[in-house]
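Coordinate analysis (summary)
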Amino acid sequence: MVSILLLVALAAAVFVGFNIGGSSTGVAWGPPVGAKIINKTAAAALMTFFVFLGGWTVGRNVIDTLGGELVPTTAFSAEASVVVLGFIGLGMLFANLYGVPVSTSMTAVGAIAGLGLATGQLDYAVVGSIMVWWVIAPVVGFWFGAIIGRYFYAYLDQRIALEQSNGPLLTLDRSRVIPVPTLGPGTTPREVVSTGIVLAIACYMAFSAGASNVANAVAPLVGGGLIGVERGVGLGTVAIGLGAFTIARRTMESVGNDLTDLPLLAATIVMVVAASITTVASALGVPMSLALSTVMCIVGLGWGRATRPTAATDLVRGDLEANISVGAVTADTPNNVSSAGEEDPEYVQDATALFDRSAVVRFVAFWIIGPSVATALSYVAFVALPLAGTP
């Protein structure tokens, strides 16, 4: 019976990791794939490697939090681990069906918290510290994006815009004894550098995804002593990599095409900010949503660009043009960049909306509803079926 339960638990962990790989790979590698900087197979390979690196280093802290600090390790029986992983998987399925980025990390915390509530073993101090971070992270992401969008984006766009030529980036010069790479037709050194930056940031994004998400797939198994931390990281990496090489191919294409309205520079800024917030939180052992920081940084970046023509005093008083929207993140930068508060507002007012405010409200609502529902369902399940271990 124990062997069968162990196999079921491992299968549940693989299922969760597989779906994580399908979703997080698109977030990290959609922009480079959409810009034709890298192909899907190479993106999946790099995703797998850096997920392992993130999980093996920083991700251990999150595994400790989910697998032994939120509730004691004694609570994770084989049966309890299967149920918790089942709720995490259902949460991801629910998000996919409704097309909203419900956080796997938040759902995992909710499912484990329900276990702790049902058994009276929940550490409320740990839950409180996690929830504080969940409030801080989107605020930090928004204001980083807002400050960059209002005061720095226009200058960055003119000085380090990420340009692309039509031909190959590099070619091989075979006229020598040993072929050496040379710049492709129309390729400039600036393009090579900017392409390298985009790839490096995507790798950083993959690292942060591994740091935060490997634990979501394997923490209950590690907490229950069914597998060790090292094997858990390995299992999570394999499952996420499997998703990266299969279902993520469509996700990368979808995200890459959906982000064509989002300039590559803007996407790069968002990825750096979101990955940094997630990595710092993971290093502190806090399960963090990469999607939450990403979306709020995009909102902040758009708001900052949209309000750039408005003086700071008017912002404080709330005197904004009625037709300014967060879609201003896609607007063209004027040739002559003026100081914030002095520009002609036309260059942001005619921007195509990146998304509407109702979408942001829906995302935030599901970030609250997702872990709340996971907690409630998990609590009911463990009260009705006492499957958890005893203190």
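Please read all numbers here as calculations on a predicted model, not as lab measurements.

In terms of helices and strands, the protein carries 14 helices and 2 strands. Contacts in the protein between residues at least 24 apart in sequence constitute 82% of all its contacts with a sequence separation of at least 6.

Between its first and last C-alpha atoms helix α11 (residues 290-306) spans 24 Å; for 17 residues at 1.5 Å apiece the expected length is 24 Å, and the two agree. Within α11, 15 of the 17 residues are buried, which leaves it mostly tucked inside the rest of the structure.

Every α-helix winds through 3.6 residues per turn, so residues three or four apart in the chain are directed the same way. Within helix α3 (residues 59-69), burial applies to G59, V62, I63, T65, L66 and G67. All buried residues of α3 fall inside an arc of 165° around its axis, so they share one side.

As a further point, take the layout of surface pockets. If you add up the space inside the second largest pocket, you get close to 390 Å³. M106, M131, W134, W367 and P371 are the residues nearest the centre of the second largest pocket, which is lined by 19 residues in total. Only α5 (104-119), α6 (124-159), α11 and α14 (357-384) provide two or more residues apiece to the lining of the second largest pocket. Here the lining of the second largest pocket gets 6 residues from one element, more than from any other, and that element is α14.

Turning to the packing of aromatic side chains, a few remarks are in order. Summed over all chains, the structure comprises 3 aromatic pairs. Between F52 and W56, the ring centres sit 5.5 Å apart and the planes meet at 35°, which makes this aromatic pair tilted. One end of the pair, F52, and the other, W56, are both in helix α2 (residues 40-56), 4 residues apart, so they sit about a helical turn from each other. Judged by its relative accessible area of 33%, W56 is partly exposed. With 5.2 Å between their ring centres and 90° between their planes, F142 and W143 make a pair best called edge-to-face. Lying over the aromatic face of W56, R60 brings its terminal NZ or CZ to 4.5 Å of the ring centre.

Residue placement: G67 occurs in helix α3. C-alpha separation for the pair G67 and A219, spaced 152 residues apart in sequence, amounts to 4.7 Å. If near-sequence neighbours (up to four positions away) are discounted, G67 is found in contact with T73, F76, A219 and G223.

Moving on: the UniProt feature "transmembrane region" (unreviewed entry) in the protein. The positions UniProt marks with the feature "transmembrane region" (unreviewed entry) are residues 38-58, 70-94, 100-118, 130-153, 197-221, 233-252, 264-286 and 364-388. Secondary structure within residues 38-58 divides into 81% helix and 0% strand; the distance between the first and last C-alpha atoms comes to 26 Å. In residues 130-153, the share of helix is 100% and the share of strand is 0%. The end C-alpha atoms are 32 Å apart.

Orientation of α6 relative to helix α10 (residues 264-283), taken along the N-to-C sense of each, is 150°, at an axis distance of 10 Å. Relative to α10, α6 is oriented roughly antiparallel. Read as a crossing pair, α6 and α10 show a hand that is right-handed. Packed against α6, whose contacting residues are W133, A137, V140, G141, F144, I148, Y153, L156 and D157, the element α10 presents L265, A266, I269, V273, I277, V280 and A281 at the interface. Looking at the contact of α6 with α10 residue by residue, the class counts come to 14 nonpolar, 1 polar and 1 charged.

Quick notes on the rules
Residues numbered from 1 in each chain as written. Predicted model: local features only at pLDDT ≥ 70, side-chain atom pairs only at ≥ 80, totals over all residues. Heavy atoms only, no water. Helix = DSSP H or I, 4+ residues; strand = E, 2+ residues; numbered from the N terminus. Contact = heavy atoms within 4.5 Å. Expected span 1.5 Å × (residues − 1). Buried < 20%, exposed > 50% of the residue type's maximum accessible area, 1.4 Å probe, protein only. Arc of directions from axis to C-beta. 1 Å grid on protein atoms, 1.4 Å probe; cavity = no way out; pocket = protein on both sides within 12 Å on 5 of 7 lines; lining within 4 Å. Points joined across faces, edges and corners; volume = space filled by probe spheres on them. Phe/Tyr/Trp six-rings, centres within 6.5 Å; stacked < 30°, edge-to-face > 60°. Lys NZ or Arg CZ within 6 Å of the ring centre and 35° of its normal. UniProt positions renumbered as here; feature names shortened; annotations may be inferred. Axes fitted to C-alpha atoms, helices over the stretch in contact; angles between N-to-C directions. Parallel < 35°, antiparallel > 145°, perpendicular 65-115°, else oblique. Left-handed = near helix turned anticlockwise from the far one by under 90°. Nonpolar A, V, L, I, M, F, W, Y, C, P; charged D, E, K, R; others polar.

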